[in-house]
Amino acid sequence: MTVVIGFEGSANKIGVGIVRDGEVLSNPRRTYVTPPGQGFLPSETARHHRAVILTVLQEALDEAAITPADIDCVAYTKGPGMGAPLVTVALVARTVAQLWGKPLLGVNHCIGHIEMGRLITHASDPTVLYVSGGNTQVIAYSERRYRIFGETIDIAVGNCLDRFARVLKISNDPSPGYNIEQMAKKGTQYIELPYAVKGMDVSFSGILSYVEEAAHKMLDSGNCTAEDLCFSLQETLFSMLVEITERAMAHCGSQEVLIVGGVGCNLRLQEMMDAMCKERGAKLFATDERFCIDNGAMIAQAGWEMFRSGHVTKMPDSWITQRYRTDEVEVTWRD
Amino acid sequence: MASDRSDSAAPLLAGCALWKQGAEARIYRGKFLGRAAVVKHRFPKRYRHPQLDEKLTRRRTVQEARAALRCRKAGISVPVVYFVDYTTHCIFMEDLVGSITVRDHIVTTQQSGDNPESLGGLADEMGRILAKMHDEDVIHGDLTTSNMLLRNGSEGPGADLVLIDFGLSYTSALPEDKGVDMYVLEKAFLSTHPNTESLFQQLLNSYTAASKKAPAVIKKLDEVRLRGRKRSMVG
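Only a predicted model underlies this, so the values are computations on that prediction, with no experimental measurement involved.

Engineer: How should the overall build of chain B be read in this particular structure?
Structural biologist: Looking only at helices and strands, one finds 7 helices and 10 strands in chain B. When each of the 235 residues of chain B is scored for burial, the buried share is 56%. In chain B, the proportion of contacts linking residues at least 24 apart, taken out of those at least 6 apart, comes to 62%. Summed over its atoms, the accessible surface of chain B is roughly 10500 Å², and 54% of this surface lies on carbon and sulfur atoms.

Engineer: Help me out: how do you make sense of the pairing of strand E8 (residues 136-142) of chain A in this one?
Structural biologist: All names here are of chain A. The buried count for E8 comes to 7 of 7 residues, which makes it a mostly enclosed element. Residues Thr136, Val138, Ala140 and Ser142 point to one face of E8 and Gln137, Ile139 and Tyr141 to the other, with burial holding for every one of them. As defined by bridge partners, strand E7 (residues 127-131) adjoins E8 across 4 bridges and the pair is classed as antiparallel. Paired with Leu129 across the two strands is Val138, which belongs to E8. Hairpin connection between E7 and E8: a loop of 4 residues separates the two successive antiparallel strands. Both E8 and strand E9 (residues 145-151) contribute to a ladder of 6 bridges, which runs antiparallel. For Gln137, the partnering residue across the bridge sits in E9 and is Glu151. Adjacent in sequence and paired antiparallel, E8 and E9 are bridged by 2 residues, among which Glu143 carries a positive phi angle near 45°.

Engineer: When you look at the UniProt feature "binding site: substrate" (unreviewed entry) in chain A in this model, what are you seeing that I'm missing?
Structural biologist: Residues and elements named next belong to chain A. Within this numbering scheme, the UniProt entry marks Tyr130, Val131, Ser132, Gly133, Gly134, Asp162, Gly177, Glu181 and Asn266 as carrying the feature "binding site: substrate" (unreviewed entry). By relative accessible area, Val131 is classed as buried at 0%. Aside from chain neighbours lying at most four places away, what touches Val131 is Thr136, Val157, Leu241, Ile259, Val260, Gly261, Gly262, Val263, Gly264 and Leu269. As for its placement among the helices and strands, Asp162 is situated in helix H4 (residues 157-167).

Engineer: Even after reading the chapter, I still don't get the interface of chain B and chain A, so can you show me in this structure?
Structural biologist: How big an interface is tends to be expressed through the accessible area that disappears when the partners come together. Between chain B and chain A, the contact holds 41 residues from the first and 45 residues from the second. Put simply, Arg48 of chain B and Glu243 of chain A hold a salt bridge, and the shortest N to O gap is 3.7 Å. Counting residues per element, the ones that place at least two in the side of chain B that touches chain A are helix H2 (50-73) and helix H5 (175-192) of chain B. A breakdown of the residues in the side of chain B that touches chain A according to their chemical character gives 14 nonpolar, 13 polar and 14 charged.

Engineer: Whenever I open this one, the packing of aromatic side chains confuses me. Can you help?
Structural biologist: Ring pairs (aromatic) are described by centroid distance and by the angle formed between their planes. According to the stated counting rule, one finds 6 aromatic pairs over all chains in the structure shown. On the basis of an interplanar angle of 65° and a centroid distance of 5.6 Å, the ring pair of Tyr141 of chain A and Tyr146 of chain A is categorised as edge-to-face. Side by side, Tyr141 of chain A and Tyr146 of chain A carry an identical accessibility label, which is buried. Measuring from centroid to centroid gives 5.7 Å for Phe83 of chain B and Phe92 of chain B, while their planes differ by 55°, and the two rings are tilted. Given the relative accessible area of 33%, Phe83 of chain B is considered partly exposed. Residue classification places Phe92 of chain B among the buried positions, given a relative accessible area of 4%.

Engineer: Can you walk me through the sheet that holds E9 of chain A in this structure?
Structural biologist: What links the strands of a sheet is backbone hydrogen bonding, and the strands pair in either a parallel or an antiparallel sense. Residue and element names in this part refer to chain A. Strand order across the open sheet formed by 5 strands is E9-E8-E7-E12-E13, with mixed pairing between neighbours. Bordering the open sheet on either side are E9 and strand E13 (283-286), each of which pairs with just one other strand. The average undirected angle you get between the axes of adjacent strands in this sheet is 25°. For E7 and strand E12 (residues 256-260), the ladder comprises 4 bridges, and the chain directions are parallel. If you follow Leu129 over to E12, its bridge partner there is Ile259. Running at roughly 160° to E13, helix H8 (residues 267-280) makes contact with E7, E12 and E13 of the sheet.

Engineer: Quick question: what am I supposed to make of the domain arrangement of chain A here?
Structural biologist: All names here are of chain A. The domain boundaries assigned to chain A delineate domain 1 (3-114 + 291-328) and domain 2 (125-288). For domain 1 versus domain 2, the distance between C-alpha centres works out to 26 Å. With 21 residues of domain 1 in contact, the opposing surface of domain 2 contributes 25 residues. Carbon and sulfur atoms supply 61% of the area that domain 1 and domain 2 bury against each other, a total of about 1800 Å² over both sides. Linking domain 1 with domain 2 are 1 salt bridge. Across the pair Arg325 and Glu151 runs a salt bridge whose closest N-O atoms are separated by 2.9 Å. The interface formed by domain 1 and domain 2 contains 11 residue pairs in polar contact (both at pLDDT 80 or more). For the side of domain 1 that touches domain 2, the secondary-structure elements that each account for two or more residues are helix H3 (109-121) and helix H9 (289-292). Looking at the side of domain 1 that touches domain 2, its residues break down into 10 nonpolar, 8 polar and 3 charged.

The rules behind each value
- Residues numbered from 1 in each chain as written.
- Chains lettered and ligands numbered in written order.
- Predicted model: local features only at pLDDT ≥ 70, side-chain atom pairs only at ≥ 80, totals over all residues.
- Heavy atoms only, no water.
- Helix = DSSP H or I, 4+ residues; strand = E, 2+ residues; numbered from the N terminus.
- Buried < 20%, exposed > 50% of the residue type's maximum accessible area, 1.4 Å probe, protein only.
- Contact = heavy atoms within 4.5 Å.
- Areas by Shrake-Rupley, 256 points an atom, 1.4 Å probe, with all protein chains shown as cover.
- Pairing = 2+ DSSP bridges.
- UniProt positions renumbered as here; feature names shortened; annotations may be inferred.
- Salt bridge = Lys/Arg side-chain N within 4 Å of Asp/Glu carboxyl O.
- Nonpolar A, V, L, I, M, F, W, Y, C, P; charged D, E, K, R; others polar.
- Phe/Tyr/Trp six-rings, centres within 6.5 Å; stacked < 30°, edge-to-face > 60°.
- Axes fitted to C-alpha atoms, helices over the stretch in contact; angles between N-to-C directions.
- Domains from an automatic or database assignment.
- Buried area = accessible area lost by both parts, 1.4 Å probe.
- Polar contact = N/O pair within 3.5 Å; in protein donor to acceptor, adjacent residues only side chain to side chain.

Structure below.
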């Protein structure tokens, strides 16, 4: 029996989760929400995390009915992500690991998402679309690495959506993406926006600049509503994502798709991906907001896999990094 | 499954058999005016908004036909385009009977543990044909080992390579665009065929030897490599 506790706080969500042999015992989380029109900055985000992390940790232990003695390993997000929040969380992880006398394990955030996706959906060897505010990658496992087949060459799709929300001062509660999704449902007019797929890669900064510039003009002229813009933006962005996923599937000969990351909660994206899958005779796997959105249990789950295959992070190596490629990790726990 | 044809293309595709489904299109085999032909049908993607779908599908059909013609005029091996139907977005082209993708060839060679030197000849040829294409200022836009074919029986030295899938292509003389084109290939190459770094380097060496404009392109490729997201900029 192996019990792992995972600490995650690379962006504006702070979560602590406990996993025991494939069972999620607890997974509490808090989100730092900024006023409409504003994004979250590293120092303020770190401040938010510092204020709540110990409460969330206690909740995780209480909900799981676990004491520190029961824990086998303390996993934390090594990266990628925002510097100050990562440091805050790593500090707590290092401290409790030493307090409790448990080994430490630095986990790649992207791999956390993948491993939780695999656990929850039981997808065997899917093409993974990892989409969030900080990352947009198409990943497939091959020979001990999660290889990146396609990615964004500039900003992440979630970042594009979040920044668009700021332009229209859409509420960030519970998340800008969620509110854009609700507004998009009421949109009726399709507005043509730039579409940029480059082979297996995508580019979002062009479409973002375009809408940032044109949104107010279009709304003021009365030619379209904010809902129409939300709808059109989603249709365009998600088409790009479905396209690069399909390319990777065709190249790898894959019949399964797994969507992970915060943007993966979006039901329209899931719907579009499912339509593409059905046309190819492939199957879509997706999780709900408990596991799509950054959470502690996903770090615990990846940590569980890594720990059982012999990984451990020594204290001097327990630094964090803002840049950490998914393919840098040797996936020793899979064939 | 994927064998239903979009209604409007059905008359055009009568007598053709579905062969495979790529990322963008369904490929059928049949005859065109008595010649063995392949029909690439960019069928409507139902997940996309119809306006967006029509715009993209049309643009890519046009680009593919244009780039193929341009390459052909420059003596670069691409399938001959027989006929393009712009309503149904079907391209009728030469069927390279018995050809295999470079991807499949590399995979089987690696799996069988065969003499990897035959792949060296292939890498040289790939470098040469890409140099020729870039010298024509054609940017492929989607270079992968699935988009290169080996003509029947021509594995080994003197490999007869054919480039396909020009849907994302465009014209550009900029070393930046050519560098990115090679970067796309490098990423696709190394993620699909692990442990082939030296083979890809051989490809680049051959590319450099075959084109006077290559040094600027390779320089850009080096820069683009460093741009990978979340990549540690140390060392």
